[in-house]
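Reading the structure
If you want the building blocks of each chain, they are given just below.
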Amino acid sequence: MGRIQSSVGLVTGIEIEDTVNQLMALAAQPRDRLSSRQKSAQATQAAISDLTALTLGVQLAARRLKTTSLFSSRSITSTSTSLTAAANGEVAPGQYQFTPLRQAQAAHQISSGIASLDQEFAAGTLSIRQGGQVDRGAALADLNGGEGVSRGKIRIADRAGNTAVIDLRYSLTIDDVLAAINESDEIDVTASAIGDRLVLTDESGGAGNLRVQEVSGGTTAADLGLAGINVAADSANGQTLTGLFSGQSLASLNDGNGVSLLAELPDLEFSFRDGTTLSLDLNPTGQSEPQTLGELVSRLNAAAPTRLAAAISSDGLRLELTDLTANTGGTFAVTNSLGSRVATELGLTTTAIGDSISGRRLAAGLKTTLLSTLGGGNGLGTLGNLQITDRSGTSATIDLAAAATLDDVIAAINQAAVGVRAEYNAARSGIALVDTTGQSTSNLIVASGDGTNTATKLGLEANVAADEVQGTALGRQTVSRSTLLADYNGGAGISLGSLRITDSQGQTRTLNLAALESETVGDVIDAINGLATGVEASINATGDGILLTDTAGGSGQLQVANVGSGRTAGDLHLAGTATGTTIDGTTNFAIEIEAGDTLADIADKINDLDIGIAASIFSESSGSLRHHLSLVSGVAGAAGELQIDGSDLGLSFSSLTQGQDALLQLGSGLGSALLSSPTSSFSGVVPGLDVTVSGNSTDPVTVGVAASSTTAANAIQTFVDQYNKLRDKLDTYTAFDATAGTKGTLFGTYEALRIDNDLASLLSGRFTSVGDIRSLGELGLSLTEDGHLSFDKAKFQTRYDADPDAVTTFFTDETSGFAAKADALLERLVGRDNSVLINRSEALGRQVEDLGNRLTAFNARLDRQRERLLNQFYNLELVISKLQNNLTALDNLQTIAPLGSTTG
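Here's what I pulled together on the structure shown here. In this text the structure is predicted, and so the values were computed from the model without any measurement. (Residues numbered from 1 in each chain as written. Predicted model: local features only at pLDDT ≥ 70, side-chain atom pairs only at ≥ 80, totals over all residues. Heavy atoms only, no water.)

**Some remarks on the overall build of the protein chain**
This is how the line gets drawn: In this text, helices come from DSSP runs of H or I with a minimum length of four residues, and strands from runs of E with a minimum of two, each type numbered from the N-terminal end. In this description the radius of gyration comes from C-alpha coordinates, and the expected globular size is given by 2.2 Å times residues to the power 0.38. Accessible area is worked out with a 1.4 Å probe on protein chains only. A residue is then buried under 20% of its type maximum, exposed over 50%, and partly exposed in between. Whether two residues are in contact is decided by their heavy atoms: any pair within 4.5 Å suffices. Here, Shrake-Rupley sampling with a 1.4 Å probe gives the accessible areas, and only protein chains in the shown set may cover a residue.
A count of helices and strands for the protein chain gives 18 helices and 46 strands. Its C-alpha atoms give the protein chain a radius of gyration of 46 Å, clearly above 29 Å, the size a compact globule of 904 residues would have. Taken over the C-alpha atoms alone, the protein chain extends approximately 185 × 85 × 80 Å along its principal axes. Counting every position in the protein chain, which comprises 904 residues, the buried fraction comes to 44%. Once local pairs closer than 6 in sequence are excluded, the contacts in the protein chain between residues at least 24 apart make up 65%. Of the roughly 42,200 Å² that the protein chain leaves accessible, carbon and sulfur atoms contribute 48%.

**As for empty space enclosed by the protein**
Selection rule: A cavity here means a set of points on a 1 Å grid, drawn over the protein atoms and nothing else, where a 1.4 Å probe fits but cannot get out; a pocket is an open set with protein on both sides within 12 Å along at least five of seven lines, and a residue lines either one if it has an atom within 4 Å of a point. Grid points are joined across faces, edges and corners, and a volume is the space filled by probe spheres set on the points. Under the scheme applied here, ten amino acids are nonpolar (Ala, Val, Leu, Ile, Met, Phe, Trp, Tyr, Cys and Pro), four are charged (Asp, Glu, Lys and Arg), and all others, including Gly, are polar.
In the structure shown here, the tally under the stated rule is one cavity of 30 Å³ or more. Taken as a whole, the largest cavity encloses approximately 30 Å³ of empty space. Taken together, Tyr723, Leu726, Arg727, Leu730, Ile755, Asp756 and Leu759 make up the full set of residues lining the largest cavity. Breaking the lining of the largest cavity down by element, the ones donating at least two residues are α13 (710-733) and α14 (750-764). The element contributing the most residues to the lining of the largest cavity is α13, with four residues. Tallied by class, the residues present in the lining of the largest cavity amount to five nonpolar, no polar and two charged.

**Observations regarding the pattern of salt bridges**
Here is the rule we go by: By salt bridge we mean one thing: a side-chain nitrogen of Lys or Arg within 4 Å of a carboxyl oxygen of Asp or Glu.
Applying the stated criterion across every chain yields a total of 23 salt bridges. Linking Asp32 and Arg31 is a salt bridge whose minimum nitrogen-to-oxygen distance equals 2.9 Å. The partly exposed category is assigned to Asp32, whose relative accessible area is 41%. Among the salt bridges present, the one from Asp175 reaches Lys367, with a minimum N-O distance of 2.4 Å.

**Considering the sheet that holds strand β15 (residues 308-312)**
Each strand in a sheet pairs with another by means of backbone hydrogen bonds, the pair being arranged parallel or else antiparallel. Put simply, the rule reads: Pairs of strands are assigned from DSSP output, requiring at least two bridges between the strands. Lines fitted to C-alpha atoms define the axes, with helix axes restricted to the stretch in contact, and inter-axis angles between N-to-C directions lie between 0 and 180 degrees.
Strands sit in the order β15-β16-β18 across an open sheet of three strands; the sheet is antiparallel. Only two strands of the sheet have a single neighbouring strand rather than two, namely β15 and β18 (356-358). The sheet shows a mean angle of 15° between the axes of neighbouring strands, taken without regard to direction. With three bridges joining them, strand β16 (residues 319-323) and β18 adopt antiparallel strand pairing. By the bridge assignment for β18, Thr322 is matched with Ser356. In this fold helix α6 (residues 293-303) packs onto β15 and β16, with an angle of close to 165° to the strand it touches most, β15.

**A short note on the sheet that holds strand β8 (residues 189-194)**
One open sheet holds the three strands; their spatial order is β8-β9-β12, and the pairing between them is antiparallel. Each edge of the open sheet carries a strand with a single partner, namely β8 and β12 (235-237). Each strand axis lies, on average, 20° off the axis of its neighbour in the sheet, ignoring direction. Summarising the sheet, β8 and strand β9 (residues 197-202) pair through six bridges and their orientation is antiparallel. Bridging from a neighbouring strand, Val189 pairs with Asp202 of β9. Here helix α3 (residues 174-182) sits on the sheet in contact with β8 and β9, set at roughly 160° to β8.

**Points about the packing of aromatic side chains**
Worth spelling out the cut-off: Side-chain rings of Phe, Tyr and Trp (the six-membered ring for Trp) are treated as a pair once their centres are within 6.5 Å; stacked means planes under 30 degrees apart, edge-to-face means over 60, and tilted covers the remaining angles.
The final tally for this structure, using the stated rule, is twelve aromatic pairs. Between Phe272 and Phe332 the ring centres are 5.9 Å apart and the planes differ by 15°, which places this aromatic pair in the stacked class. Highlighted residues: Phe272 in the loop between β13 (268-271) and β14 (277-280) and Phe332 in the loop between β16 and β17 (333-336), separated in sequence by 60 residues. The class for Phe332 is buried, based on a relative accessible area of 2%.

**Structural notes on the environment of Tyr96**
Definition in use: Nitrogen and oxygen atoms within 3.5 Å of one another constitute a polar contact, given that in protein one can donate a hydrogen and the other can accept it, and given that sequence-neighbouring residues count only through two side-chain atoms.
Tracing the chain through its elements places Tyr96 in strand β3 (residues 94-102). Of the residues examined, Tyr96 reaches a relative accessible area of 18% and is grouped as buried. Taking the C-alpha atoms as reference, Tyr96 lies 5.0 Å from Val703; in sequence the two are 607 residues apart. Apart from residues lying up to four places away in sequence, Tyr96 is in contact with Val91, Val686, Val701, Thr702, Val703 and Val705. At 2.6 Å, the side chain of Tyr96 and the backbone oxygen of Ala92 are in polar contact.

**Considering the packing of α14 against helix α18 (residues 836-891)**
To be explicit about the condition: For classification purposes, an angle smaller than 35 degrees is called roughly parallel, one larger than 145 roughly antiparallel, one from 65 to 115 roughly perpendicular, and anything else oblique. Handedness of a helix crossing follows the sense of rotation of the near helix relative to the far helix, less than a right angle counterclockwise being left-handed and clockwise being right-handed.
Contact geometry for α14 and α18: axes closest at 10 Å, N-to-C directions at 165°. With respect to each other, α14 and α18 are oriented roughly antiparallel. Classified by chirality, the crossing of α18 by α14 is left-handed. From α14, Tyr750, Glu751, Arg754 and Ile755 reach across to α18, where they touch Val836, Leu837 and Arg840. Taken together, the residues that form the contact of α14 with α18 break down as four nonpolar, no polar and three charged.

**Considering the nonpolar core**
Operational definition: Here the nonpolar core consists of buried residues drawn from Ala, Val, Leu, Ile, Met, Phe, Trp, Tyr and Cys, with membership extended through side-chain atoms lying within 4.5 Å.
Of all hydrophobic cores here, the largest spans 50 residues; its most connected members are Leu65, Phe719, Phe796, Phe810, Phe811 and Phe818. Within the residue set of this core, elements represented by two or more residues are α2 (29-64), α13, α14, β46 (789-791), α15 (793-802), α16 (804-812), α17 (818-830) and α18. The element best represented in this core is α13, accounting for ten residues. Apart from residues lying up to four places away in sequence, Phe810 is in contact with Phe767, Val770, Ile773, Arg774, Ser775, Leu776, Leu779, Gly817 and Phe818.

**Regarding the layout of surface pockets**
Roughly 1,200 Å³ of volume is contained in the second largest pocket. Mapped onto the lining of the second largest pocket, the elements with two or more residues apiece are α7 (342-345), α10 (521-529) and β28 (535-539). When its residues are assigned to classes, the lining of the second largest pocket shows 16 nonpolar, 24 polar and seven charged.

**So, the side chain of Asn425**
The topology assignment puts Asn425 in the loop between β21 (420-424) and β22 (431-435). The class of Asn425 is buried, set by a relative accessible area of 4%. A distance of 2.9 Å separates a polar side-chain atom of Asn425 from the backbone oxygen of Gly471. For Asn425, the contacting residues outside a window of four places in its chain are Gly430, Ile431, Ala432, Gln470, Gly471 and Thr472.

**A short note on unusual backbone geometry**
Of note in this structure, Asp255 is not a glycine but carries a positive phi near 55°. Relative to the elements of secondary structure, Asp255 occurs in helix α5 (residues 253-256). Overall, Asp255 belongs to the buried group, its relative accessible area being 16%. The residue His573 is not glycine, and still its phi comes out positive at about 60°. Mapping His573 onto the fold places it in the loop between α11 (568-571) and β31 (576-577). Residue His573 is classed as partly exposed on the basis of its relative accessible area of 22%.

**What about the packing of α15 against α16?**
Between α15 and α16, the shortest axis-to-axis distance is 5 Å and the interhelical angle comes to 110°. In terms of orientation, α15 lies roughly perpendicular with respect to α16. Across from Phe796, Arg799, Tyr800, Asp801 and Ala802 in α15, the residues of α16 making contact are Pro804, Val807 and Phe811. Residue composition of the contact of α15 with α16, by class: six nonpolar, no polar and two charged.

**Here's the deal with helix α12 (residues 599-609)**
How we decide: Each C-beta atom gives one direction from the helix axis, and the arc is the one those directions make.
Burial in α12 covers these residues: Leu599, Ile602, Ala603 and Ile606. Mapping the buried residues of α12 onto a view down its axis gives an arc of 100°, with all of them on the same face. Backbone geometry just after α12 places Asp610 at a positive phi near 55°.

Here it is as C-alpha cells:
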C-alpha cells in the first residue's frame, strides 16, 4: 500500500506533514538534549586534546634541559686562519696551543716530455698503483726498540769545516730525517739509510773531521745512532736503530702486512724431537686476539712450557724457538696448520739446527723491503748467484743466498769488484743498476750465475748497450688479511654496504659488510667463504687485492655486483663477471695502450677507469715546447703515493709533489706531541676538540675554548615559548565574559585548574636541594602579571658566567634539578599512564561514544515513530473516505413499496 504523497489530507484537509513534524518535535526534545550533551563533550574533548599536545611540548622542552651537554657548549676561537677548531663533545675551557706544520697533500707525478701532442705510441702497458714503494722510510716511533727518537736539532760539520744545524723537530720518519740533512745548503754531506743504520758521506773534499753533535742538550743525535761521530774519513756509519721489541704491533711485521691469525682454528703445528706434536691456536675462543709481539711470544711459551720456549733473537730481527724435549731421534719443526700461513708469516718454517729454530728476518730496516714480502707476499724464492758484467768488460759473481732485504741485495752488488752501482729504481718498485765505468767496450750484462734464476727473480736480467738497467717491479705486498678496510684504496677506504655474489651454478648470496661489522680484509674473506656457495676468497697472487675463485663447476659465470646504490663491490674492485673462473680484485691497474694512441688517449683511458687518479696533459709554456702526462692521486697523504711504470711506452715519471700526511704539533717546544693525518683533520687531539690544518706555519696557534651559554639559553627560550603557547590556549579555554555571559570551553574545569596551579607553583617555587641556585628568578625566568613566563637572557648570562657548574646542576640534577621535577610534574599531567589529561581525554572519548550510540538508537526510534504517525494519518484518511462513501451510498438509497400495494 503506497503512502499518501500529499502533505495535506485529501479527504480531511488536515496538514499531515506539519502535524507529524510538530508531534515529532515534541518527541525529539530528549534527543536534542542528548545531542547538545554530545557536542559539549566533543568540544571539551577537543580542548583537552589541544592542551595535551601543548603540555607535551612543554614536557619535551623540559626534558631537553636535563642534557648536561647543553650547558657545556663552548665558544672556540683561533688566533690564525691556518688552523680551525670545533668541538665534537665536551671540551674543557682553556687555551690550547698547536703548530699547523703542514697540510696533507696528494701525490702528483708527471711523465717525461714529448714534442708533439700528435705523437703516437706503440702498444704497451702503463702500470699504476697506490703504495707498494720498496724504499719507504721507517717511522721514528718504531726505532730503538719502540722508544723512538727524541725530536730536536743536531749539528753536523763537514770535513771542510762548514757546519749546519739540522732541525728535526718535525720529523716523523727516516725519510724526513734524510730530507732535512740532504736539503741543507750549508754543508756538503749526504745522508742515506743502509740496512739498519744511517750513513753520512762527506763530499766536501776537506781534510778535517766529519762531526755530529747534539744541540742544546738534546738526545736526537744519540737516538738516531749518530752521536759521537768525529772521524777523519769521508764516511761514517751510525748505530743500529731497528729491531723487534716486545711492544711491537703484530700488524707492523712483514713490512706492515702483519700476521693473519685465524679465529677458533689452529695456527701452528709443532713436531718435537721426542716424537710428540702440538697443534696451537694463538687466537682461541675466550681470549682477546694478541696485538703485540710480546703477547704472541707469551702465548707460545704458555702453550707447552716443558716442551717449547720462544724469544726474540739477540739481534732483534727474528723469533727463536727452542725444543725443550729430550732428543730421541725426532726433528724439531714448525709448519702451518691447514688453511693457515702463520708459520710462514712468522718466518718459522726454517730448518732447525738441533734443538733450535732461528726464524727468518721479520723487520726490514730503515728504508727497505723484506724479500719475503715481494712477489705479492710469496717472496722471491731462493736466491743464489748474480753475474754482472760492466761496460768495461769486468765481471763479478755476487752471492745473494744470505740476503733477507733489498738493501742486502743492493749492498752486496755495491761491494762487488765491478763498475756498477745498485740503487732503487725511478719507480721505487725494484732495483736499478747504473754502469759507472764510462766505457762502452761491452754491453751491460746481468744474468743468473747458477740455476736459481736470481737475475730473473730480481727483475734485472739484461744484455743492453746502455749504461742503465731499470729493474722491473718486484711486487711488494700491499694487501693482507690484516689490512684495515679503512686503509684500502690508498687510504680512501671501503664503503661498508652490501654486495651480491652469484656462482657458476646460479646460487646467489648477498653479503652485508656493515651488518657484519667487518674491519679487515680478512673479515671480508671469511665472510665470503662462509656464504656456502661455490666461491672461494683469498689474497691474490700479487698481494694487492682479493681473489675470488669459482669452485661450483657450473655452466654460468661467477658474478659480483653492488646492491642498490651501494659501491662496496666496486670499492673492493670485485664488481663484474669472472674471467674464466676468477675475479681478481687487484689494486694494481694496468692500462692497455694500443698502437697509435696519443697522450690524450692515454689520459682518457686512465680517467675512464675511475680509479681515483686524475689524468691530464701539462704543456710547458716556455723554452722548447714539451707535453707531459700529469697524474694526481685522488687520495691525499702518504698512503696515496703513486707508483707508475711507463717503461713500455718509453715514459719515465718524476714526482712534482709527494703524497704527504698533514702534520700538527700539539703544544710547542721539545717534548711536544707530533701528530699526522692524511686528511688535514685531526679528531680528538684534545678530548672533545677537532682541529683542521688549513695552512702551513711554524708559528704556534692558540685555540681558545670558553664556556658558552648560547645553546643552553636557546633551550630555555624554547621551554619558555612552549609554556607561553600553553598559557595562551589555557586563557582562551578558561575565559569568562560577565557582560556577555559567555565562558570558555574549560572554564572552571578541574583539568584546567590543575595545569594552571601546578605549573605556576613549579615556576615560582624554590629549589633547595640543587646547590647555590634556589629559583628560576635567579636565572632570569619569572612569571608576568598575566601568567606568562619571561626570560631575561642577560641575567642568565651573568649567572652562567659566574658559576656555570651551579647553573648546570640546577637544571640537570637527576633527582632534584628543575628539569627532573618539571618532567615528573608534567608526566602526572600528560603522561601516558594514569595522568590527568590523558584520563580525562579517554573518559570524554567514552562519553562521546556512549552519547553517539544513544543518539543513534534514539534517531532510529524517532524514525519508527514518524513512520507510525504517517501511517496512522493515512489510515485515518482511508477510514474517513470509506465513511464518506458509505454516507453517499445511504443518501442515494430509495424506498421501494411492497408488492400489491397502491399508492394514492
